[in-house]
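Observations on the three-dimensional arrangement
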Amino acid sequence: MCRHLGYVGPSVGVGEILTRGTHSLHHQSWAPRDMRGGGTINADGFGVAWWQEGAVRRYRNPAPIWTDPAVTDVLPQLTSGAVLGSVRSATVGMPVERSACAPFTAGRWAFSHNGVVPRWREVLTAVSSDLDVEATRAGATRLFETARLLEAEALTDSAVLWVLLSDLIASAESGGYGESPATALRLVAEAVLRHAPEARLTLLLGDGEQLLAVSVHHGLSALVTEDAAVLASEPYDDDPRWQPVADRKLVVARPGELSVDELTPT
């Protein structure tokens, strides 16, 4: 349904991350290897987020990435030590527009979703109710109002997922329900899968210092060295240090550190 990539490491050109390797994210837009039932190409827009002085910057375009000269002419001139990029294959019935292109951002966070949530309006409304019930049981205040879901940037499953996840992260970081951003990511993924176990739900999240992800019914690979960490839908080159991430895992990556745990602890 999409391809995405997150990078944390030495400062690089933002555009260089999008075109890095013989199987770059740019190349994956028209020649993906592992779409798993979610289309054939990723021509419905793209976006990239990067961090400068602690703030998230973003560029998005609803056209195919290969048609935008900024990718090779402008974005390489911008440098950052953290980048999150995505190319999009829109689900049938969802809009093809700039506001529907990941990454979605809030505060210091950027987010991308590779997959689809079937019956997303019904499912994500139920997820918001579930999380409110769990928060109340934990002694926290209510997290969501139904109208809050209407504030999503676009009428897509990914944009509404981000409303839920970003609010839960904000709660966790302020000492409310959720404990941590990684826990927030797990709670949202588990709640979606309770209502739509067939959902394809590989989520990628970054804050400029670390990358977090869950892998559900879509590919995810990690490349972690002492200096850098990369999480990607598909490896962008033949480096033997790439590690495939198994299904239903919760991943946290930083330079020199990779944690892979069960999505639902036993």
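Just above sits the structure.
Residues numbered from 1 in each chain as written. Predicted model: local features only at pLDDT ≥ 70, side-chain atom pairs only at ≥ 80, totals over all residues. Heavy atoms only, no water.

A few words on the sheet that holds strand E4 (residues 79-88). Taken in spatial order, the seven strands of this open sheet run E3-E2-E4-E1-E10-E9-E11, and their pairing is antiparallel. The open sheet has two edge strands, strand E3 (55-61) and strand E11 (243-244), and neither has a second partner. Both strand E1 (residues 2-13) and E4 contribute to a ladder of nine bridges, which runs antiparallel. Bridge assignment links Val 8 to a residue of E4, and that residue is Ala 82. (Pairing = 2+ DSSP bridges. Helix = DSSP H or I, 4+ residues; strand = E, 2+ residues; numbered from the N terminus.)

Another point: the layout of surface pockets. Quantified by volume, the largest pocket comes out at close to 180 Å³. Considering the residues around the largest pocket, the lining is formed by eleven residues, among which Trp 120, Leu 149, Leu 150, Leu 155 and Val 160 are closest to the centre. Top element by residues in the lining of the largest pocket is helix H4 (residues 120-137). It accounts for four residues. A per-class count over the lining of the largest pocket returns eight nonpolar, two polar and one charged. (1 Å grid on protein atoms, 1.4 Å probe; cavity = no way out; pocket = protein on both sides within 12 Å on 5 of 7 lines; lining within 4 Å. Points joined across faces, edges and corners; volume = space filled by probe spheres on them. Nonpolar A, V, L, I, M, F, W, Y, C, P; charged D, E, K, R; others polar.)

Time to look at the environment of Ser 128. Mapped onto the elements, Ser 128 comes out in helix H4. On a C-alpha basis, the gap between Ser 128 and Ala 196 in space is 14 Å, while along the polypeptide they are 68 residues apart. Side-chain polar atoms of Ser 128 contact the backbone oxygen of Thr 125, separated by 2.6 Å. (Polar contact = N/O pair within 3.5 Å; in protein donor to acceptor, adjacent residues only side chain to side chain.)

We now examine the side chain of Ser 86. Within the element layout of this structure, Ser 86 appears in strand E4. Residue classification places Ser 86 among the buried positions, given a relative accessible area of 4%. Side chain to side chain, Ser 86 and Ser 112 meet in a polar contact 3.5 Å long. Other than its neighbours up to four places away in sequence, Ser 86 contacts Arg 3, His 4, Leu 25, Phe 46, Gly 47, Ala 102 and Ser 112. (Buried < 20%, exposed > 50% of the residue type's maximum accessible area, 1.4 Å probe, protein only. Contact = heavy atoms within 4.5 Å.)

Another aspect to go through is the environment of Val 188. On the secondary structure map, Val 188 appears in helix H6 (residues 181-195). Sequence separation of Val 188 and Gly 178 is ten residues, and the distance between their C-alpha atoms is 9.9 Å. In this structure, Val 188 is in contact with Leu 131, Leu 161, Leu 165 and Leu 168, ignoring residues within four places of it in sequence.

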